[in-house]
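Report on the structure
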Amino acid sequence: MVRDGYIPAPSTPGFTEAQTRARARASRRRFLYGATAAGAVALVAGASGRWLRQRASVAKERASVVLGRPASVLPNSPTDPATDIAGLSPLHTPNKDFYRIDTALTVPNVSTDDWTLRIHGMVDSDITLTYDQLLKRELFEFDHMLSCVSNQVGGDLAGSARWLGVRLDDLLEEAGIDPNADQIMGRSVDGFTAGFPTAVLDGRDSIIAVGMNGEPLPISHGYPARLVIPGLYGYVSATKWLKEIELTTFEDQQGYWIPRGWAAEAPIKIQSRIDTPKQSIDASTVAIAGVAWAPLAGVGMVEVQIDDGSWREATVGPELSGTTWRQWWIDWDAQPGTYLLRCRATDNDGNLQTADVAPPRPDGATGYHEIQVSVS
Ligand SMILES: Nc1nc2c(c(=O)[nH]1)N[C@H]1C(S)=C(S)[C@@H](COP(=O)(O)O)O[C@H]1N2
Ligand SMILES: [Mo]
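About the thresholds
Residues numbered from 1 in each chain as written. Chains lettered and ligands numbered in written order. Predicted model: local features only at pLDDT ≥ 70, side-chain atom pairs only at ≥ 80, totals over all residues. Heavy atoms only, no water. pLDDT = per-residue confidence, 0-100. Helix = DSSP H or I, 4+ residues; strand = E, 2+ residues; numbered from the N terminus. Contact = heavy atoms within 4.5 Å. Near = heavy atom within 4 Å. Polar contact = N/O pair within 3.5 Å; in protein donor to acceptor, adjacent residues only side chain to side chain. Areas by Shrake-Rupley, 256 points an atom, 1.4 Å probe, with all protein chains shown as cover. Phe/Tyr/Trp six-rings, centres within 6.5 Å; stacked < 30°, edge-to-face > 60°. Buried < 20%, exposed > 50% of the residue type's maximum accessible area, 1.4 Å probe, protein only. Lys NZ or Arg CZ within 6 Å of the ring centre and 35° of its normal. Pairing = 2+ DSSP bridges. Axes fitted to C-alpha atoms, helices over the stretch in contact; angles between N-to-C directions.

This part is about the confidence of the model for the protein chain. Averaged over the protein chain, the pLDDT score is 91; the fraction of residues at 70 or greater is 88%. Averaged pLDDT values over the elements of the protein chain bottom out at 53 in helix H1 (residues 17–34) and peak at 99 in strand E9 (residues 226–228). In this model residues 1–10 is a low-confidence stretch, pLDDT under 50, and it forms 18 contacts with partners more than four residues away in sequence or in other chains. Across residues 28–41, where pLDDT falls below 50, the model places 15 contacts with residues more than four positions away in sequence or in other chains.

What follows is the structure in structure tokens.
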């Protein structure tokens with residue numbers, strides 16, 4: 001049952017931008033029909049005008065941000081194999097193409113003027129940082145991917161970026177964690193929450209990111225700051241528009257998606273995806289190519305199978321880190337006919353991606369990506 005003006009909550013952490021827009025339109029319509037016309041129109045117009053003004057001023061503020069140099073600079077990325085292989089995902093996903101998942105109907109426009117990040121809860125001492133204080137801390141860069149738990153096998157709710165930010169473990173060490181705390185909860189200005197185990201403070205390069213692919217964090221990706229925790233799906237880790245980090249317990253608090261039927265703990269599963277060729281091609285020698293990921297170990301090997309043939313080992317691209325995807329490709333002399341192509345990855349510890357088919361809910365899809373290609 002839908003009440004007037006009631007915004008149905010998204011049912012999956014894979015609510016896409018288009019779906020969110022549709023939802024906003026529907027709720028606006030419902031609101032207009034439900035209220036006495038004139039007043040409601042003025043109210044909606046006023047609210048969206050304010051939002052646009054805020055958006056413009058935050059965009060201006062963001063454009064003037066100067067990010068410092070990281071303490072240790074990552075080497076420049078190698079030549080991207082995607083420049084030679086049409087259709088292959090690049091090493092880093094451009095910000096404008098990076099997938100987006102938001103529960104909020106409108107992207108929060110957060111000005112750093114009155115923004116702070118507060119670390120509190122089961123800690124020895126609270127820490128509150130302004131944006132300037134955060135930027136003045138020691139900064140690090142890391143190549144990490146993000147993946148949505150709602151990503152279907154072969155889906156595009158995943159991306160790779162070079163993040164700039166402050167190490168989470170440094171900051172939490174300063175605060176001093178109560179040994180009884182077992183959950184680190186991120187909370188955003190829009191009320192979204194995502195919690196993950198204190199056990200991920202295991203040396204992995206978790207950061208409070210302020211930069212993404214060489215620019216200040218885009219507004220839609222969480223400006224001024226967000227969490228990026230390698231190896232965990234976004235819904236349990238990657239809080240955007242971050243305003244608080246609270247040390248707590250899994251017994252005491254649940255992140256936004258947990259009571260909605262998603263697992264409380266959700267490490268990213270080994271996956272691989274075929275990006276190219278397309279469904280129908282002309283007979284010729286083409287590349288079968290794609291990306292694979294297996295955080296934290298990293299991808300060691302990718303294999304490709306055509307119909308029931310033997311698995312062939314693909315060439316793998318540069319390994320930026322164990323925590324982001326790795327490209328792979330193989331030449332295929334495609335003769336006329338119809339073929340089923342599949343791929344599978346093995347991580348650097350020798351774990352083979354599982355062939356067992358599972359849906360995204362509750363903790364991530366599995367199975368091999370398969371595409372049918374007709375060659376004429
Ligand atoms: N504030 C806030 N943070 C959030 C979300 C959200 O809805 N609101 N979605 C999470 C989910 S489900 C994912 S997969 C990632 C996606 O990050 P991106 O939109 O930058 O790709 O952000 C996470 N952080
Ligand atoms: Mo997600």
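That shown, we press on.
Inspection of the region around ligand 1 gives 20 residues, with Tyr 99, Thr 103, His 221, Arg 226 and Lys 240 positioned closest. A distance of 3.3 Å separates a nitrogen atom of ligand 1 from a polar side-chain atom of Ser 188. Note that an oxygen atom of ligand 1 is positioned 2.6 Å from one of the side-chain N or O atoms of Lys 240. The protein chains hide 100% of the 530 Å² of surface that ligand 1 would expose on its own.

Next up on the list: the packing of aromatic side chains. Aromatic ring pairs are defined here through the distance separating the ring centres and the angle between the ring planes. Under the criterion given, the structure shown has 11 aromatic pairs. Ring geometry for Tyr 131 against Tyr 223: centres 6.0 Å apart, planes inclined by 65°, an arrangement best described as edge-to-face. With Tyr 131 in helix H3 (residues 131–136) and Tyr 223 in the loop between strand E8 (215–216) and E9, the pair connects residues that are 92 residues apart, well separated along the chain. With 5.9 Å between their ring centres and 35° between their planes, Phe 192 and Tyr 256 make a pair best called tilted. Linking Phe 192 in the loop between strand E5 (183–188) and strand E6 (193–197) with Tyr 256 in the loop between strand E10 (242–248) and strand E11 (271–276), this pair joins segments that are 64 residues apart in sequence. Assigned by exposure class, Phe 192 and Tyr 256 land together as buried. Chaining the aromatic ring pairs together yields one cluster made of Phe 98, Tyr 99 and Trp 163. Sitting over the ring of Phe 140, Arg 167 keeps its end group 5.8 Å from the ring centre.

This next bit is on the sheet that holds strand E2 (residues 127–130). Read across the sheet, five strands follow the order E2-E1-E10-E5-E6 without closing on themselves; strand pairing throughout is mixed. The sheet is open, and its two edges are formed by E2 and E6, each paired on a single side. Averaged over all adjacent pairs, the angle separating strand axes in this sheet is 15°, with direction ignored. Sheet topology places strand E1 (residues 116–121) next to E2; four bridges connect them, and they run antiparallel. Residue pairing across strands places Ile 119 opposite Ile 127, the latter belonging to E2. Contacts from helix H4 (residues 168–175) reach E1, E2, E5, E6 and E10, with the element oriented near 135° to E2.

As a further point, take the side chain of Gln 305. Mapped onto the elements of the fold, Gln 305 is located in strand E14 (residues 299–306). With a relative accessible area of 11%, Gln 305 lands in the buried category. Polar side-chain contacts of Gln 305 include one of 2.7 Å to the side chain of Arg 342. Apart from the residues lying within four places of it in its own chain, the contact partners of Gln 305 are Ser 310, Trp 311, Leu 340, Leu 341 and Arg 342.

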